[in-house]
Amino acid sequence: MSGRSSLERCWDSIITLPSSVVPALGGFWASVARGTTSQHPPHRHPTMRRSPRPAFFFLFEGDAQRVPQPAASRPPPPLLVSADESIPARQTDIPWRLKQMLDILVYEEKQRPAGEAGLCLEYLLQHKVLETLGTLGKAEYPPGMRQQVLLFFSRVLGQMQHPLLHYLNVHRPVQKLLQLSGDRLGSGTEKEEVQFAAVLCTKIKEDPSLLAYILEGKSILTGRRAQELPASPVEEGAEHPPGTAAAASPPPAEVSPPRRDSNLVTSLVGLCKSQKSRVALKARENLLSLVGLAQEAAAACLVRSSALCQLLTEHLCDLYSAVPPGTDPSDVLALERASWRSQGDAAGDGVFPGKESLAAFFAWLDYLDELVMGAHPVVADAITEAVEEKFFQGILQPQLLEMSELAVLGITAMLTGTVRQLRAPPLLRRLVLFLLGPDQHPETPGDSPHPLRAHLIDRCNHLSDEISLASLRLFEELLRKPHEHVVRNLALRNLETRGYLQRSPPIPDERGPPEPDPDEDGLDLEEDPYFTDGFPDAGFRMTKKRLPGSAPSGKGQVSEVVSSFLCLVPEDAKTSSCMEEGGYDTYVHDALGTVQACRANAAPWGWPLAPRPLDACHPEVTFYEGHFLKVLFDRMSRILDQPYSLNLQVTSVLSRLAAFPHPHLHEYLLDPYLTLAPDCRSLFSVLVRVIGDLVQRLQRVPHFRAKLLLVRRQLMGMVPGEQMDHTMLFKGVVVLEEFCKELAAIALVKGPPEGPP
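Residues numbered from 1 in each chain as written. Predicted model: local features only at pLDDT ≥ 70, side-chain atom pairs only at ≥ 80, totals over all residues. Heavy atoms only, no water.

Participant: Outline the overall build of the protein, listing residues and values.
Facilitator: Each helix and strand in the protein was counted, giving 31 helices and zero strands. Relative to its full complement of 757 residues, the protein shows a buried share of 52%. Intrachain contacts of the protein at a sequence separation of at least 6 include 79% that bridge at least 24 residues. Total accessible area on the protein is roughly 34,100 Å²; 53% of this is exposed by carbon and sulfur atoms. (Helix = DSSP H or I, 4+ residues; strand = E, 2+ residues; numbered from the N terminus. Buried < 20%, exposed > 50% of the residue type's maximum accessible area, 1.4 Å probe, protein only. Contact = heavy atoms within 4.5 Å. Areas by Shrake-Rupley, 256 points an atom, 1.4 Å probe, with all protein chains shown as cover.)

See below:
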C-alpha cells in the first residue's frame, strides 16, 4: 500500500473540487495542492497528528485517470470541467464528492478507537476544509452551493461521534454559516437551514458547554462584541482558546442596536416565521429544546450572548400591530384558543377580516407561553421581563387608557384573549401584577394606588353598556386563571378581618323605635314585607323563611341556605316551573364543575378551611367591600334596569367568586344568616333589596304574569320576539330567578364552612 492506506488516497482524490470552482478558492487550494501552504497550523487537539501531504493535485489538471479509486465503491462520475460558472451545484459532481467525504470520515471513525481522530479528520481540521466550504456557500459559487454546504455540515456533525464543535476550525465556520441563515424568509434553503440548526441543538442538548462556542460574545468577523458590529464587517482570523465563556453583551433592557449579529438563536427565530409550516414547526421545537437546557451557566449564556428575548418580543409586538384596528371585538372573543403547533389552520376557514392576523398573534403568544413554561428559570424570567416591558407596558398600557369607545372595546377584547391564552406562571404573574398591581392590604374608599386597576374596574360600571360588558368579561377571565393574587387583590384582602359582621349586640335605643314614615319607599330588612306570611291584598304567595340573623352561630344548615336562595323570588314571579323546567338541580352539575375547578386552582394556595375567629380579627377601620365588589353589588342592585346580556355577565362573575373555597368568601357571598355590621351589605342583602323593589314594581304592571311568561318564551326561542312595555324588567326577573337557583346549587355543592364563628 506504499505506506498509505487506500482510504487516505481516496480522501486525497475526493477532496478535490471541479475545476470550475477552483478559481473561487483563491490561492489556498493551489498552495495546498503544491504542498507549500504558508498558513500557520490551526488549533489542534493534543491527540491529533499532522496529516501527510495530500496527493490530489492531479485532479486540478483534469486528469481523472490517475486518481486512486475507493475500494468497493462505484467509479466517481466524470468531472464537470466547464467555463460556465452558472451551472447549479447539484448538476455537478459536488454532491457526490461531499457524500464520499462524509462516508470516508464515518468509515474511518468506525475503524479507530473511540475518541481518536483519524488522518482524514485531521486533514479536514488542519486545512480548514469546512471554512473553505463555508466561503463557497456564502458566495453561492456555484449556484446552489449553500444548500450543499448546509447538508454536508449537518451530516458531518450529526453522524460523527467524535466531538467536533470544540475545535476552532469547526465552530468558526459553523458560526459563519449561521450568519447566512434565517435572514431571508422564503429562500430556497430553509429546509436545509432548519435541519442544520436542529443538529446543532441536538449537540448542545447533549453537551450544554457547546453553547458558549456557538454563541460567542465576540464577533467571529471583527473580534468586537456582536452588538457593536459595523454594517460591513471585515473578516479576520482571530482565535480564542476552547472553553472560553461568551463575552457579556449589553443587558436586554438597553436599546437594541439597529443590526444584530446572526447566530443560532437569530437563525431559529427567523425560521420560526417561515411560511412553510413544517419548517416553522421544526424551528420552534428546536428553540424549545434550546431554552430548556437544565444547566444554569448555559441558560445565562443564552440570555447574555443572544438577542433571544428581544427577537421573541419584537415579533409578538409586530404581529399584534398587524391585527386590523377595525376587527370586531366579538370576533376576537369568539376565536378559539390558538395553538402554535397548528400554524395556519385557524385562518384556513376565515369568516371575517383579520382572522388570519389574529390567529397568527395568538399562536405566537401561545408559543411564548410554551417557551416560558419549558425554559430554564433564568431564561423564563428574561423572556417575561421583555414581554412586560415591550408588550404590556409599551403597547397595551397606552391603549388601555384610550377614551374612544371603539378603541376601548377593541383593546379590552384583545386583552381578554391574551389572558385566556396565557398559562405559564411567570407570564401570568407579570400580567396580573401589570393589571391589578401588587397591593394586598385592605382598601379604603377612594384609594387607588394602581391607576390601571381602578380604571379597569370603573369600566365595569361605565355609562356604555358595551364597555361594561367587555370589562366584566375581562375580570371573569382573570378569575379563571390559577393565580391567587387575582382573588386576593379583588376581594379577599377586604374580607380578612371579617369586618362585615356585627361584633356585639346593638344597644337598644331608650327612646324606642322611631315612628315609620308612611311615605318612605325603603324598608328595613327585618320589616320587609317579603319576610311576612304574605301579601293578602296583592295576591303574592310567599313562603315563610327564617329571619336573617336568627341563627346564633351565623351559619345555617345546607338545606336552610339552599332554601333561603330559592325562596327569595316570590312564587308569582317565578316562571321556570310553568315552562316544565327543573328546579335548581339543573344547575348542580355545572356548579359542581365550577367548584371543582376553583378548588383545583386554590389547592396550592394554602387557604384555611374555617373562618378566622372573631377574637383574632381586629378591623382598624369601617368595613369596605372594596372597589371591585362595590361595583358588582351596585350592578346587581340595578339588575331590573339593565340589559339582559349585562345581567348575565354580572351574575356570572359573582357566581365565579362564590365558587372559590375560601371560608370568608363563602360566608360573605353565600351565608344568608349573617348579622351584618351597620352600613354593610352582603350579596344576600343586595338580593333582598332587589326583591323588595321587584315586589313593588310588579304590583304596578298590569297582567305582569302573562307578560313575564311571554318574555321567558322569547328568551328560550319558543316564540318570536316582539316589542312590549317593561321588557327589560321582565328579563331582569328571569335572570334574577336563575341566579338564585345557581347560588343555591353552588351552596349545595360547597356545603357550609367548618369551624368557630
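Participant: Describe the packing of helix α18 (residues 377–400) against helix α20 (residues 425–436), naming the residues involved and giving the relevant values.
Facilitator: Each pair of packed helices can be described by the angle between their axes along with the distance between the axes. Remark: α18 packs on α20, axes separated minimally by 10 Å, with the N-to-C direction vectors making an angle of 35 degrees. Here the hand of the crossing between α18 and α20 comes out right-handed. On α20, the residues touching Asp381, Thr384, Glu385, Val387, Glu388, Phe392, Gln393, Leu396, Gln397 and Leu400 of α18 are Pro426, Leu427, Arg430, Leu431, Phe434 and Leu435. Classifying every residue of the contact of α18 with α20 gives nine nonpolar, three polar and four charged. (Axes fitted to C-alpha atoms, helices over the stretch in contact; angles between N-to-C directions. Left-handed = near helix turned anticlockwise from the far one by under 90°. Nonpolar A, V, L, I, M, F, W, Y, C, P; charged D, E, K, R; others polar.)

Participant: Go over the packing of helix α13 (residues 296–304) against α18 with me, naming the residues and quoting the values.
Facilitator: Remark: α13 packs on α18, axes separated minimally by 8 Å, with the N-to-C direction vectors making an angle of 25 degrees. Compared by their axis directions, α13 and α18 come out roughly parallel. Listed contacts from α18 to Glu296, Ala299, Ala300, Leu302 and Val303 of α13 are Val378, Val379 and Ala382. Of the residues that constitute the contact of α13 with α18, the class distribution is seven nonpolar, no polar and one charged. (Parallel < 35°, antiparallel > 145°, perpendicular 65-115°, else oblique.)

Participant: So what's going on with the packing of aromatic side chains? Residues and values would help.
Facilitator: Taken as a whole and assessed by the stated rule, the structure comprises 17 aromatic pairs. Consider the rings of Tyr500 and Phe623, whose centres lie 5.5 Å apart with planes at 75 degrees: the pair is edge-to-face. Taken together, the residues span a long stretch of sequence, with Tyr500 in the loop between α23 (484–490) and α24 (558–566) and Phe623 in the loop between α25 (588–602) and α26 (627–637) at a distance of 123 residues. Assessed through its relative accessible area of 0%, Tyr500 is described here as buried. (Phe/Tyr/Trp six-rings, centres within 6.5 Å; stacked < 30°, edge-to-face > 60°.)

Participant: Give me α26: which residues, what numbers.
Facilitator: Since the α-helix turns once every 3.6 residues, residues separated by three or four places project in the same direction. Burial analysis of α26 places nine of its eleven residues in the buried class, the great majority of the element. His627, Phe628, Leu629, Val631, Leu632, Phe633, Asp634, Arg635 and Met636 are the residues of α26 that are buried.

Participant: Hey, could you go over a positive patch on the surface for me, with residue numbers and the actual values?
Facilitator: A cluster of basic side chains, namely Lys191, Lys276, Arg278 and Lys282, defines a positive patch on the protein surface. Examined against the element boundaries, Lys276 turns out to sit in the loop between α11 (264–272) and α12 (277–291). Judged by its relative accessible area of 40%, Lys276 falls in the partly exposed class. (Patch = residues over 30% accessible without salt bridge, like charges linked within 9 Å, V, L, I, M, F, W, Y side chains within 5 Å. Salt bridge = Lys/Arg side-chain N within 4 Å of Asp/Glu carboxyl O. Lys, Arg positive; Asp, Glu negative; His and termini not counted. Charge placed at Lys NZ, Arg CZ, Asp CG, Glu CD.)

Participant: Give me the environment of Arg488: which residues, what numbers.
Facilitator: Locating Arg488 in the fold gives a position in helix α23. Considering only alpha carbons, one finds Arg488 and Pro442, 46 residues apart in sequence, at a separation of 9.9 Å. Each residue touching Arg488, except ones within four places of it in the same chain, is listed here: Gln440, Arg493, Glu496 and Trp607. Among the polar contacts listed, one links the side chain of Arg488 to the side chain of Glu484, at a separation of 2.8 Å. (Polar contact = N/O pair within 3.5 Å; in protein donor to acceptor, adjacent residues only side chain to side chain.)

Participant: Before we move on, could you go through the environment of Gln310 and cite the residues and values that matter?
Facilitator: On the secondary structure map, Gln310 appears in helix α14 (residues 308–321). Distance from Gln310 to Val387, taken between C-alpha atoms, is 8.6 Å for residues 77 residues apart in sequence.

Participant: Can you break down the pattern of salt bridges residue by residue, with the values?
Facilitator: Across all of its chains, the model carries 26 salt bridges by this definition. In this structure, Asp366 and Arg337 form a salt bridge, with 3.4 Å as the shortest nitrogen-oxygen distance. Highlighted residues: Asp366 in helix α17 (residues 355–374) and Arg337 in the loop between α15 (329–334) and α16 (345–348), separated in sequence by 29 residues. What makes Asp366 buried here is its relative accessible area of 3%. With a shortest N-O distance of 3.5 Å, Arg697 and Asp693 are connected by a salt bridge. With a gap of four residues between them, Arg697 and Asp693 both fall in helix α29 (residues 683–698), about one helical turn apart. In this structure Arg697 comes out as buried when scored by relative accessible area, which is 18%. For Asp693, a relative accessible area of 32% puts it in the partly exposed group. Through salt bridges with shared partners, a single ionic network connects Arg337, Asp366, Asp369, Glu370 and Arg423.

Participant: Give a description of the nonpolar core that names residues and reports values.
Facilitator: The biggest cluster of nonpolar side chains holds 202 residues, and the ones touching the most others in it are Leu264, Leu287, Leu290 and Leu435. Of all the elements, helix α31 (residues 727–750) adds the most residues to this core, at 14 residues. Leu290 has contacts with Cys201, Ile204, Leu211, Leu264, Val265, Leu268 and Leu302, leaving out every residue within four places of it along the chain. (Core = buried A, V, L, I, M, F, W, Y, C linked by side-chain atoms within 4.5 Å.)

Participant: Tell me what's going on with the side chain of Glu737, and back it up with residues and numbers.
Facilitator: Position of Glu737 relative to the elements: it lies in helix α31. Residue Glu737 is classed as buried on the basis of its relative accessible area, which comes to 3%. For Glu737, the residues in contact, after removing those within four places along its chain, are Val569, Ala573, Lys574, Thr575, Ser576 and Arg712.

Participant: Would you mind going over the environment of Ile204 in detail, with residue names and values included?
Facilitator: Relative to the helices and strands, Ile204 resides in helix α9 (residues 190–206). Along the chain, Ile204 and Ser289 lie 85 residues apart, while their C-alpha atoms are 9.4 Å from each other. Those residues in contact with Ile204, other than ones at most four positions away along the chain, are Leu210, Leu211, Ile214, Leu264, Leu290 and Leu293.

Participant: Quick one: what's the story with helix α22 (residues 465–480), residue by residue and with numbers?
Facilitator: Spanning 16 residues, α22 covers 23 Å between terminal C-alpha atoms, matching the ideal 22 Å at 1.5 Å per step. Within α22, twelve of the 16 residues are buried, which leaves the element mostly enclosed by the surrounding structure. Buried within α22 we find Ile467, Ser468, Leu469, Ala470, Ser471, Leu472, Leu474, Phe475, Glu476, Glu477, Leu478 and Leu479. Structurally, α22 contributes buried residues whose contacts are with α19 (405–421), α20, α21 (451–459), α23, α26 and α27 (644–658). (Expected span 1.5 Å × (residues − 1).)

Participant: Which residues make up the confidence of the model for the protein, and what are the values?
Facilitator: Of the residues in the protein, 73% reach a pLDDT of 70 or more, and the chain-wide mean stands at 78. Taken as a whole, residues 17–83 scores under 50 in pLDDT and shows 111 contacts with residues more than four places along the chain or in a different chain. A low-confidence stretch, residues 516–555 stays under pLDDT 50, and its non-local contacts, those more than four residues away or across chains, total 65 contacts. (pLDDT = per-residue confidence, 0-100.)

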